[in-house]
Every structure is written in structure tokens, then in C-alpha cells.
Amino acid sequence: MEVIIHHLPERNSKSQKLSKGTLVTQDPITNTVILAEFFENGDEIRQFHLIPGTSIEKIEKFEENQRDPKIFDKYLNYEENEEESEEEVKKRALKIVSYLRSHHIDVVEKSDGIYEISGIVKFGKPYKRANFYCDIPLVLQRILKLIDQIE
């Protein structure tokens, strides 16, 4: 869906800015919006806009345009879902856990296959980079840097 968003560009700015693009997603808690701006040919994404929910004043539907959702996959690092056995997924989790523990980082298994790292970072199935969550970006960045070193 193509939308036009009326928002304030900066915290202290009083002037309104318009952003036009395809609505990719909206966070239900913060109302932050991600828009994709396409090149004129409409096949390639030019850039993404992240608009904080606190600066949004109004969202207008511009036109109903049904783009193939898979067009966003290559930009968002989504991988094609290959069927993995439960055993492969569990092996990946154990490899991550043992690697982190070898670096003296506390990892605890919680319910439903969720792991918690030092009580701050959580990760779950299928135990890939995109499945790590933390409210503190710096901590998440450092954990992911470690995860990237796993061979």
C-alpha cells in the first residue's frame, strides 16, 4: 500500500515533512513506520525510511498497490525457508551456546527453546542471526559480533 506520511523531520522542528512510499511495516508498540521508496521503474528499492512514531502526525493512503512481498526479502536479509530438521536446528543452538560459554558468557535455556544470554539477550528458533533480541542495541551488536565468528 502506497502511503503519504506527514511527520516532523527532527525533534525541535516545527515544519512538517512528507514522505511517500510503500508501507513495509509498522511497529504496534511505538508506531514507528518503515517505508520503502522505489526508483521510477518501480522494480528496485531506492531506500528505506524509518519514521519514529512520535514524529508522525498523519498517515494517508495514497494508492492501493499490491507489490510482491518477496521484493523486500533481499533487502531485509531474509533467506528462503529451507526445511531444516529439528536435529539441525538443535545442533545450531548448542553450537552457539557452547561458543558463548567458551567465552565465559552465561547462557540459560528458558521455556520453548528460548535461550537467554546474561539475562539481557534472548534468541530462539531457528537460532540464526535474525533471531537475537535485546533492548540495548550496543549489547546486541557485541553479541552478534561474537556470533558472526562462529564457523
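Analysis parameters
- Residues numbered from 1 in each chain as written.
- Predicted model: local features only at pLDDT ≥ 70, side-chain atom pairs only at ≥ 80, totals over all residues.
- Heavy atoms only, no water.
- Phe/Tyr/Trp six-rings, centres within 6.5 Å; stacked < 30°, edge-to-face > 60°.
- Buried < 20%, exposed > 50% of the residue type's maximum accessible area, 1.4 Å probe, protein only.
- Helix = DSSP H or I, 4+ residues; strand = E, 2+ residues; numbered from the N terminus.
- Pairing = 2+ DSSP bridges.
- Patch = residues over 30% accessible without salt bridge, like charges linked within 9 Å, V, L, I, M, F, W, Y side chains within 5 Å.
- Areas by Shrake-Rupley, 256 points an atom, 1.4 Å probe, with all protein chains shown as cover.
- Salt bridge = Lys/Arg side-chain N within 4 Å of Asp/Glu carboxyl O.
- Contact = heavy atoms within 4.5 Å.

Before we move on, can you summarise the packing of aromatic side chains with the specific residues and values?
Within the structure shown, the criterion is met by four aromatic pairs. With centroids separated by 5.2 Å and ring planes inclined at 15°, the aromatic side chains of Tyr-115 and Phe-123 adopt a geometry described as stacked. Looking at Tyr-115, the relative accessible area reads 3%, which means it is buried. A residue is classified by how much of its surface remains accessible, and Phe-123, at 1% relative accessible area, is buried. Relative to Tyr-127, the ring of Tyr-115 lies with its centre 5.7 Å away and its plane at 70°, an arrangement referred to as edge-to-face. One end of the pair, Tyr-115, is in strand E7 (residues 115-117); the other, Tyr-127, is in the loop between strand E8 (121-123) and strand E9 (132-133), and 12 residues separate them in sequence. Site record: aromatic cluster; members linked through ring pairs are Tyr-115, Phe-123, Tyr-127 and Phe-132.

Give me the sheet that holds E8: which residues, what numbers.
Ordered in space as E6-E7-E8-E9, the four strands form an open sheet in which the pairing is antiparallel. Single-partner strands in this sheet number two, and they are strand E6 (107-109) and E9. Relative to E7, E6 runs antiparallel, the two sharing three bridges. The residue of E7 that forms the bridge with Val-107 is Ile-117.

Any details on a nonpolar patch on the surface? Residues and values, ideally.
Taken together, the side chains of Ile-120, Ile-136 and Leu-138 define a hydrophobic patch exposed on the protein surface, amounting to about 250 Å² of accessible area. Topologically, Leu-138 is positioned in helix H2 (residues 137-148).

How would you summarise the pairing of strand E1 (residues 2-7) if you had to cite specific residues and measurements?
Within E1, six of the six residues are buried, leaving the element largely enclosed by the surrounding structure. With burial as the criterion, each face of E1 is covered, one bearing Glu-2, Ile-4 and His-6 and the other bearing Val-3, Ile-5 and His-7. Where E1 lies against strand E2 (residues 17-26), six bridges are found, and the strand directions are antiparallel. Bridging across to E2, Ile-4 finds its partner in Lys-20.

Give me the environment of Lys-122: which residues, what numbers.
Mapping Lys-122 onto the fold places it in strand E8. The residues contacting Lys-122, other than those within four sequence positions of it, are Ile-114, Tyr-115, Glu-116, Asn-131, Phe-132 and Tyr-133.

So what's going on with unusual backbone geometry? Which residues, and what values?
Omega for the bond connecting Lys-125 with Pro-126 falls within 30 degrees of zero, at 5°, which places this linkage in the cis form. Even without being glycine, Ser-118 reaches a positive phi, approximately 50°. Relative to the assigned elements, Ser-118 resides in the loop between E7 and E8. By relative accessible area, Ser-118 is classed as partly exposed at 42%. Unlike most non-glycine residues, Tyr-127 shows phi in positive territory, near 65°. The exposure class assigned to Tyr-127 is buried, which follows from its relative accessible area of 2%.

Go over the side chain of Ser-19 with me, naming the residues and quoting the values.
Topologically, Ser-19 is positioned in strand E2. Not counting chain neighbours up to four residues away, the residues in contact with Ser-19 comprise Val-3, Ile-4, Ile-5, His-7, Leu-35 and Ile-51.

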